[in-house]
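# Chain and residue survey
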Amino acid sequence: MAADVRLVPKAREFAVDQLLRLGGRRELVDDVRVIVDELVANAVVHSGTDSITLTVLSEWPWFVIIVADFGVWHVHPEVASRTMAETGRGLDVVAALSTSSGVCTKPSGTCVWASVSNSNCRVGTVS
């Protein structure tokens, strides 16, 4: 898709449609909307790329959202240095709403992902 902030609503709609089509719980819809908003908007604003790819997949019990761009990210220093900035918290929001999330950078671009649990149970470790 074109790297255009005006397409964020279409990306959000696509992700929610995929969530429901792939058997995702309706309780996840609001979180998925916000996660897609943040990941797509960040790629558009910070990467300088002409296009991005949004991938949505289900690997039980996870629903995974992946946004890949083909640019080089630029974080504006004035935003990163202000504690009361109105921007610069998107990935923190994604981390709070998702079960797990991450960023992979390469010379060819950046891939940011988030997963949410499609199960009512939590993952834990027993030792």
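One can find the structure itself at the top, above this paragraph.
Parameters and conventions
- Residues numbered from 1 in each chain as written.
- Predicted model: local features only at pLDDT ≥ 70, side-chain atom pairs only at ≥ 80, totals over all residues.
- Heavy atoms only, no water.
- Helix = DSSP H or I, 4+ residues; strand = E, 2+ residues; numbered from the N terminus.
- Buried < 20%, exposed > 50% of the residue type's maximum accessible area, 1.4 Å probe, protein only.
- Areas by Shrake-Rupley, 256 points an atom, 1.4 Å probe, with all protein chains shown as cover.
- Contact = heavy atoms within 4.5 Å.
- Pairing = 2+ DSSP bridges.
- Axes fitted to C-alpha atoms, helices over the stretch in contact; angles between N-to-C directions.
- Parallel < 35°, antiparallel > 145°, perpendicular 65-115°, else oblique.
- Left-handed = near helix turned anticlockwise from the far one by under 90°.
- Nonpolar A, V, L, I, M, F, W, Y, C, P; charged D, E, K, R; others polar.

Secondary structure summary: the protein chain contains 4 helices and 4 strands in total. Listed by position from the N terminus, the elements making up the protein chain come as α-α-β-β-α-α-β-β. Every one of the 127 residues in the protein chain was classed for burial, and the buried ones make up 35%. If you sum the accessible surface of the protein chain, you get close to 7800 Å²; carbon and sulfur atoms cover 55% of it.

In this structure, S115 sits in strand β4 (residues 109-117). Judged by its relative accessible area of 5%, S115 falls in the buried class. Those residues in contact with S115 that lie beyond four places of it in its chain are W62, F63, V64, S98, T99 and S100.

Attention shifts here to the pairing of β4. Burial analysis of β4 places 7 of its 9 residues in the buried class, which makes it a mostly covered element. When strand β2 (residues 62-69) meets β4, the two strands line up antiparallel, connected through 8 bridges. Within the sheet, the bridge partner assigned to W62 lies in β4 and is S117. Counting the residues in the hairpin turn of strand β3 (residues 100-106) and β4 gives 2 residues.

We now examine the packing of helix α1 (residues 8-21) against helix α2 (residues 29-47). Here α1 crosses α2 at 140°, and the two axes come no closer than 9 Å. When the interaxial angle is binned, α1 and α2 end up oblique. In the crossing of α1 with α2, the sense of the turn from one axis to the other is right-handed. Of the residues in α2, those touching α1 at V8, A11, R12, A15, V16, L19 and L20 are V29, V32, R33, V36, D37, V40 and A41. Classifying every residue of the contact of α1 with α2 gives 11 nonpolar, no polar and 3 charged.

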